[in-house]
Every structure is written in structure tokens, then in C-alpha cells.
Amino acid sequence: MNSHHKVFIIGSGPAGLTAAIYSARANLSPVVFEGLQPGGQLTITTEVENFPGFENGIQGPELMEIMRKQAIRVGADCQFKEVTAVDFSKRPFTIKSYDEEYTADSVIISTGASAQLLGLESESKYMGNGVSACATCDGFFFKNLRVLVVGGGDTALEEANYLTRHASEVIIIHRRNEFRGSKIMVDRVKKNPKIKFMLSKVVKEVLGKEESGRKTMTGVLLQDTVTGAVEQLDADGLFIAIGHKPNTAIFKGVLDMDEKGYLVTKPGSSYTNVEGVFAAGDVADKTYRQAITAAGSGCMAAIDAERWLEAQE
Ligand SMILES: Cc1cc2nc3c(=O)[nH]c(=O)nc-3n(C[C@H](O)[C@H](O)[C@H](O)COP(=O)(O)OP(=O)(O)OC[C@H]3O[C@@H](n4cnc5c(N)ncnc54)[C@H](O)[C@@H]3O)c2cc1C
């Protein structure tokens, strides 16, 4: 494999693959290092109904497979490799994957952000089949149903509020007996007649059934954090809202980040603080976190990189 590239893309979610499609079509022969989750976060969900162009929705893994094939067809080189270290202190930039070393004129970072999960085996089993980490994405599937939201910060409270547009009942489960979220959000959820609370409780297990090969979540086992008592709670959905972690560990001390580790880009662009290094998708977005916004910013990064490279020549 060629070890020098004009455009080096780290990550193969909607942001990275869109950047790859644009850079390839600009004749920049991009390479994409796909990381440990080729296709990104959408590969752990089922139905995606809000990505434009698919009238009847599409399965997340299938959408990402199509994007990958499209990127390869127009000339991107997608490699099942992980980036383990970078050196952006001089140009060309150096990118390492374990003991292999590559150089690049420009780099697009699209390593995403991982939703923090509870870490239960049963949670992964029903992910996309009742369990979700994104209310905006999946709330629509829970019309007139009972859903649970786990978490106690602003995100959990906002997601609970949002879910009352669809669900008949939303129960917030939180391990403490008070919320971390802002007073204004706490007041808002307390006033919402569709929202109930189960405090000092943790989810011990996700329960479900499997019929004709189709898995469906049916409820949870909750444990009281004070008494230790365990109870069963029936529900149709479980939204995990305990935070997101941007995948930026390898860029610490190299690129500007906010206090949560999200990469900082110059407003209205994908430029990071290092010239020639661009960021796209959830890795630099703690607000929208959608496939279409990630794809849109991947397009921005490719165009920014292309124009920046041209200006260097
Ligand atoms: C359960 C769930 C359901 C969702 N449903 C929807 C939905 O219906 N609609 C919607 O619009 N959005 C949905 N989302 C959100 C959507 O998936 C994200 O907004 C989107 O995937 C972000 O794209 P991205 O390209 O920025 O990053 P990601 O999709 O997170 O991809 C990151 C990529 O970076 C790679 N990577 C990370 N570290 C490295 C490294 N060191 N070296 C190389 N590669 C690396 C990973 O392997 C991965 O390929 C959902 C998210 C979840 C978790």
C-alpha cells in the first residue's frame, strides 16, 4: 500500500465516507482508515427513517454498506485499519497504525463519538429492538407506548421531554435521588404530565422475547440503590441517555478540544487549529449528532481540504 496520501480520512461513519466520496471525486485518491467499527454508529441500529432518499427507511448497516460501496466505486481506498497515533507538528503529517507509518498532506478526522451505554449483555442484545441511545432518531417508533429513559443530566431530561411527543408515558430512571440537570430542565420535566420518575434505581437487566427470529424488548429489572430490592418494570422502549464520549484520545495535546473532548473547529468550517487538519461529524458536534449532519460536515471537510491543498500548490 502507498504510504503517502494527499487526503487521509480517519473513521468510516457517515462523515468519513461522505468526505471520501467528495475527495475521491475531486481526484485526490483518499484513503480511509475505518477503525474498529467500520460504518460507525449506524451499524448498531436497525431502522433509519430520517436519512433523506430512502422513502421507506433503511436498515443502518445496509445504509453504511451502500455508502462504503459508493466511496470505493468513485475511487476511495477503504482499509480495515485503526489509527493509533498521529504527529501533526510538521508537514507532511504522520499517521501511525501500530507499527505501520503513513504520511499525508491533509487529514480529515471523523472518528465519531460513542454513546455511553450501561454495559449489559442484554442491552446489546435488544439494541435497535427496543433499546436506543438516540431519542431524536428512534422516538417516532414508540407512538402511544411506554418508554424508559436512563440518566439524570440535561440530555436525559431533554430526551424524556422530547419522547412525550410520541410515547404515552415516559419514566425517567436515575441512580441518585436528585438530578444533575439544570433547574430549568428539571422543572420542565416535573411539570410534564406524561413523565414519571423512578429515583435511586439502576437497570440490572433488559428483558425481552424472541418470536420468529424477531427480538423485542419487553421491560427491565430495576434494582433500588438504597435497599437493594429488585423489581420488574414492563416497557416498550429503553433510551440510554448517560452521555457521549468523543473518540479523540489520540489527539489529546495535539488538537484543540472543549472540556468534554470534542474537537473544536473554526465557526462555519471544518478547520481545526492545525492547518491542513479538518474535523467532521460527531467528533466535533455535541449538538446535533445525526447521520445527515455528520454526512454534511464530511462534505464540508472534503471541500475545505481540497481548497486548502490547492492553495498550498
Ligand atoms: C443506536 C443509535 C441509533 C441511531 N440512529 C440514528 C438515526 O436513525 N438517524 C440518524 O440520523 N442518526 C442516528 N444515530 C446517530 C448517528 O449514528 C451518528 O450521528 C453518526 O453515525 C455520526 O457519524 P460520524 O461519521 O461522525 O461518526 P460514527 O458513525 O461514530 O463513526 C466513527 C468512525 O470512526 C472510526 N474510528 C474511531 N476511532 C478510530 C481510530 N482511532 N482509527 C480509525 N478509525 C476510527 C470508527 O470505527 C467509525 O467508523 C444513531 C446513533 C446510535 C448510537
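Residues numbered from 1 in each chain as written. Predicted model: local features only at pLDDT ≥ 70, side-chain atom pairs only at ≥ 80, totals over all residues. Heavy atoms only, no water.

Asker: Can you help me understand the side chain of D258 in this one?
Answerer: Mapping D258 onto the fold places it in the loop between strand 18 (244–246) and strand 19 (277–279). One polar contact links D258 to K286, side chain to side chain, over a distance of 2.5 Å. Residue contacts for D258: discarding those within four places in its chain leaves V264 and K286. (Helix = DSSP H or I, 4+ residues; strand = E, 2+ residues; numbered from the N terminus. Polar contact = N/O pair within 3.5 Å; in protein donor to acceptor, adjacent residues only side chain to side chain. Contact = heavy atoms within 4.5 Å.)

Asker: Sorry if this is basic, but what is going on with the nonpolar core here?
Answerer: Looking at soluble globular proteins, one finds that nonpolar side chains tend to be buried together. Membership of the largest hydrophobic core comes to 31 residues, with the highest contact counts inside it found for I9, F51, L63 and I108. Looking at this core, the elements that each hand over two or more residues are strand 1 (4–10), helix 1 (14–25), helix 2 (60–73) and helix 7 (291–312). Counting 20 residues, the second-largest nonpolar core is a separate cluster that includes Y102, I109, F251 and L255. (Core = buried A, V, L, I, M, F, W, Y, C linked by side-chain atoms within 4.5 Å. Buried < 20%, exposed > 50% of the residue type's maximum accessible area, 1.4 Å probe, protein only.)

Asker: Hey, could you run me through the site of the ligand in this one?
Answerer: Of all residues adjacent to the ligand, which total 33 residues, the nearest are E34, Q37, Q41, D282 and A291. Here an oxygen atom of the ligand and a backbone polar atom of L36 are 3.4 Å apart. In isolation the ligand has 1000 Å² of accessible area, and contact with the protein removes 95% of it. Each residue belonging to the shell around the ligand can be placed in one class, and the counts come to 14 nonpolar, 14 polar and 5 charged. (Near = heavy atom within 4 Å. Areas by Shrake-Rupley, 256 points an atom, 1.4 Å probe, with all protein chains shown as cover. Nonpolar A, V, L, I, M, F, W, Y, C, P; charged D, E, K, R; others polar.)

Asker: Explanation requested: the pairing of strand 11 (residues 146–150) in the structure shown.
Answerer: Along a regular strand, successive side chains alternate from one face of the sheet to the other. For strand 11, a buried count of 4 out of 5 residues is recorded, marking the element as mostly surrounded by other parts of the structure. Two strands pair when backbone bridges link them, and strand 11 and strand 17 (residues 237–240) are joined in this way by 4 bridges, in the parallel orientation. Paired with V147 across the bridge in strand 17 is G237. (Pairing = 2+ DSSP bridges.)

Asker: Honestly, the sheet that holds strand 14 (residues 201–211) in this entry has me stumped. Any pointers?
Answerer: To summarise the sheet geometry, strands pair through backbone hydrogen bonds and adopt either a parallel or an antiparallel arrangement. In space, the 3 strands of this open sheet follow the order 14-15-16, with antiparallel pairing throughout. Each end of this open sheet is capped by a strand with a single partner; those strands are strand 14 and strand 16 (230–234). Averaged over all neighbouring strand pairs, the angle between strand axes comes to 30°, with direction disregarded. Note that strand 15 (residues 214–224) and strand 16 share 5 bridges and pair antiparallel. (Axes fitted to C-alpha atoms, helices over the stretch in contact; angles between N-to-C directions.)

Asker: Would you explain the pattern of salt bridges in this entry?
Answerer: Two side chains that carry opposite charge are able to pair once their charged atoms sit near each other. Throughout the structure, instances matching the rule amount to 10 salt bridges. Two residues, K96 and E101, come together in a salt bridge whose shortest N-O distance is 3.9 Å. Owing to a relative accessible area of 35%, K96 belongs among the partly exposed residues under this scheme. Of the charged contacts, one joins D187 and K183 as a salt bridge, the two residues approaching to 2.8 Å between their closest N and O atoms. Placement of both D187 and K183 in helix 6 (residues 183–191) is noted, with a separation of 4 residues, approximately one turn of the helix. The class of K183 is exposed, set by a relative accessible area of 62%. (Salt bridge = Lys/Arg side-chain N within 4 Å of Asp/Glu carboxyl O.)

Asker: I would appreciate a short explanation of the sheet that holds strand 17 in the present structure.
Answerer: A sheet is described by the order of its strands in space; here 5 strands give the open sequence 10-17-11-12-13, paired in parallel fashion. Only two strands of the sheet have a single partner each, and these edge strands are strand 10 (131–132) and strand 13 (195–199). One ladder, built from 2 bridges, connects strand 10 with strand 17; its direction is parallel. By the bridge assignment, S132 is partnered in strand 17 with F239.

Asker: Even after reading the chapter, I still don't get the state of the cysteines, so can you show me in this structure?
Answerer: Between two cysteines, a covalent bond joining their sulfur atoms is known as a disulfide. Evaluation of the coordinates by the stated rule reveals 1 disulfide. The disulfide that involves C134 links it to C137, with 2.0 Å between the sulfurs. Its S-S torsion of approximately 65° makes the covalent link between C134 and C137 right-handed. Among the residues examined, C137 registers a relative accessible area of 24% and is labelled partly exposed. The closest cysteine sulfur to the non-disulfide-bonded C78 is located on C299, 17 Å from its own sulfur. You can call C299 buried: its relative accessible area is 18%. (Disulfide = S-S within 2.5 Å.)

Asker: How should I be thinking about the packing of helix 1 against helix 7 in this particular structure?
Answerer: Put simply, helix 1 and helix 7 touch, their axes get as near as 7 Å, and they point 35° apart. Crossing geometry of helix 1 relative to helix 7 is assigned as right-handed. When helix 1 is examined against helix 7, the residues P14, A15, T18, A19, Y22 and S23 are found in contact with a partner set consisting of A291, A294, A295, G298, C299, A302 and I303. Here the residues of the contact of helix 1 with helix 7 sort into 10 nonpolar, 3 polar and no charged. (Left-handed = near helix turned anticlockwise from the far one by under 90°.)

Asker: I'm lost on the domain arrangement of the protein chain in this one. Help?
Answerer: Interface size is commonly expressed as the accessible area that is lost once the parts come together. By the assigned domains, the protein chain splits into domain 1 (4–114 + 244–312) and domain 2 (117–240). Here the C-alpha centroids of domain 1 and domain 2 sit 31 Å apart. Taken together, the 9 residues of domain 1 in the interface contact 11 residues of domain 2. Counting each side, the surface lost to burial between domain 1 and domain 2 is near 670 Å², with a carbon and sulfur contribution of 50%. Joining domain 1 to domain 2, the criterion identifies 0 salt bridges. Between domain 1 and domain 2 we count 1 residue pair in polar contact (both at pLDDT 80 or more) in total. For the side of domain 1 that touches domain 2, the per-class residue count stands at 1 nonpolar, 5 polar and 3 charged. (Domains from an automatic or database assignment. Buried area = accessible area lost by both parts, 1.4 Å probe.)

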